[in-house]
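# Survey of secondary and tertiary structure
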Amino acid sequence: MAVKDIIDALSQTTVGERRLSELVKDVKMISGKVEIIYNLPAGVDGPAISDATKSALKSLPEVKEVSIRFSQQEVRSQPVTTSPIFSRRSVPGIGRLIAVASGKGGVGKSTVATNIAIALSKLGNKVGLLDADIYGPSVPTLVGLKNERVHINEQNKLLPLEAYGLKVLSIGFLLPSEDTPVIWRGPMLMRALTQFLFDVEWGELDFLVLDLPPGTGDVQLTLAQNVKIDGAIIVTTPQDLALADVRKAVSMFKEVNIPILGVVENMAYFTCPESNQKYYIFGKGKVAEFALAYELKVLGSIPIDPQLCSSSDVGKPIALEDSESAKAFMALAQVINEQLKRRN
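For clarity, every value in this text was computed on a predicted model and none was experimentally measured.

## Here we look at the overall build of the protein
Counting its secondary structure elements, the protein contains 11 helices and 17 strands. Relative to the 2.2 N^0.38 estimate, which gives 20 Å for 344 residues, the radius of gyration of the protein is 22 Å and therefore close to what a compact globule would have. The principal-axis extent of the C-alpha atoms belonging to the protein is close to 75 × 50 × 40 Å. When the 344 residues of the protein are sorted by exposure, 51% land in the buried category. Taking the average place of the 37 positive charges on the side chains of the protein and the average place of its 38 negative ones, the gap between the two points comes to 3 Å.

Set out below in structure tokens:
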């Protein structure tokens, strides 16, 4: 169930001459619990809105609990207090939480997230990597931990595995085999992700890199509403089709007030090994134009590199090597590191 379903249900009910959907200021939901904050104009009856809301949402079987609060429109200086179940929490021991996202699949998001984590670690940081792509976990393969399993300590916390100096966690470490599909609905998915963040012995880390699923679904929205994320990095290729979906991802992060650190252009060009000439297979300048239009930074450009593909397949991230791609990831990590330091 999405926020749109709740808004659609509220739009069918009126209080006085106003539709409930017209009065909504914010909607948050997790595991069947829905919190709605209404703007309360003068002359509108709050209890009547509460009763009408609960009646309107009865038709949605996934809504188990409804919490309603009001914000007086006239008192703009008064802050809105968020209910504890929806407050953005920091992950204990984590200095900076970075979300790596993409508008669509197939743009190399997980590969970029993994190599960013490796590059940040090479800069002297303590780094963790969390594979939040529950339906398509690829981090175990990318870091050479395929078919490995995690354990639980005496405090019932998951112990992340280690690879190349990173602390790594993925749903892939909990599945019987890599061919086992994850067939979960939204509430189960969110409980698992919450555990992966808060019920894990991460220790003290400078960075936790979060590899999000592609798109703008419930996972992204619920994490954005409930976890303190210091910045988002959006991965795209120069194709028009990919950039069309990136616009949606940018709009989502802006809507939930998560700062966007910038855009990473993956598969930006191919350098011929014989002539050393660059070929822009998917087009040139499109990502820069997009970033300029949306007032974003292009954090870095990663070339098309056959070695990157082969290194990923054998579980040895390219950022560990000495190549053009590795240098691009190191430069990208330096930009991210400095940008967050300045923001702090």
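## Focus on the confidence of the model for the protein
Per-residue pLDDT for the protein averages 86, and the proportion of residues at 70 or more is 93%. Note on residues 73-85: pLDDT under 50 across the span, and 20 contacts to partners over four residues away in sequence or across chains.

## Quick look at the pattern of salt bridges
Per the stated rule, a full pass over the model turns up 8 salt bridges. Two residues, Glu-22 and Arg-18, come together in a salt bridge whose shortest N-O distance is 3.4 Å. Taking the relative accessible area as the measure of exposure, Glu-22 reaches 46% and is therefore partly exposed. On the basis of relative accessibility, which here comes to 34%, the residue Arg-18 falls in the partly exposed class.

## Considerations on the side chain of Ser-102
Along the chain, Ser-102 turns up in strand β6 (residues 94-102). Looking at Ser-102, its side chain comes within polar contact range of the main-chain oxygen of Lys-104, at 2.9 Å. If we ignore the near neighbours within four places in the chain, the residues touching Ser-102 are Val-107, Lys-109, Pro-214, Gly-215 and Val-235.

## Things to note about the pairing of strand β12 (residues 205-211)
Burial analysis of β12 places 6 of its 7 residues in the buried class, the great majority of the element. Pairing of β6 with β12 involves 6 bridges; the strand directions are parallel. Pairing of Leu-97 across the sheet is with Leu-208, part of β12.

## Re the side chain of Thr-236
Along the polypeptide, Thr-236 turns up in strand β13 (residues 231-236). A relative accessible area of 0% places Thr-236 in the buried class.

## Considerations on the sheet that holds strand β10 (residues 161-163)
The mixed open sheet is built from 8 strands, whose spatial order is β10-β11-β7-β12-β6-β13-β14-β17. Two strands lie at the open edges of the sheet, namely β10 and β17 (298-302), each paired on one side alone. Within this sheet the neighbouring strands show an average axis-to-axis angle of 25°, counted without direction. With 4 bridges joining them, strand β14 (residues 260-266) and β17 adopt parallel strand pairing. By the bridge assignment, Val-263 is partnered in β17 with Val-298. Each of β6, β12, β13, β14 and β17 is contacted by helix α11 (residues 324-343), which is oriented at about 170° to β17, the strand it contacts most.

Thresholds applied
- Here the residue index of a chain counts from 1 through its sequence in written order.
- The predicted nature of this model means local features are confined to residues of pLDDT at least 70 and side-chain atom pairs, given and counted, to a pLDDT of 80 or more, with totals for whole chains, interfaces and linings taken over all residues.
- In computing side-chain properties, one takes all heavy atoms of the structure into account and sets aside hydrogens as well as water.
- A helix here means a DSSP run of H or I that spans at least four residues, while a strand means a run of E at least two residues long, and both kinds are numbered starting from the N terminus.
- Only C-alpha atoms enter the radius of gyration, while the globule expectation follows 2.2 Å times N to the 0.38, with N the number of residues.
- Note on exposure labels: buried denotes an accessible area under 20% of the residue type's maximum, exposed denotes more than 50%, and partly exposed covers the range between, all computed with a 1.4 Å probe on protein chains only.
- Note on charges: Lys and Arg go in the positive column, Asp and Glu in the negative column, and His and the chain ends are not counted at all.
- To locate a charge, the coordinates of NZ of Lys, CZ of Arg, CG of Asp or CD of Glu are taken.
- Think of pLDDT as the predictor's per-residue confidence, scored from 0 to 100.
- Whether two residues are in contact is decided by their heavy atoms: any pair within 4.5 Å suffices.
- Should a side-chain nitrogen of Lys or Arg be within 4 Å of a carboxyl oxygen of Asp or Glu, the pair is scored as a salt bridge.
- Side-chain atoms alone can form a polar contact between residues adjacent in sequence; in general such a contact is a pair of N or O atoms within 3.5 Å, and within protein one must be able to donate a hydrogen while the other accepts it.
- Should DSSP find at least two bridges between two strands, the strands are taken to pair.
- What counts as an axis is a line fitted to C-alpha atoms, over the stretch in contact for a helix, and the angles between N-to-C directions run from 0 to 180 degrees.

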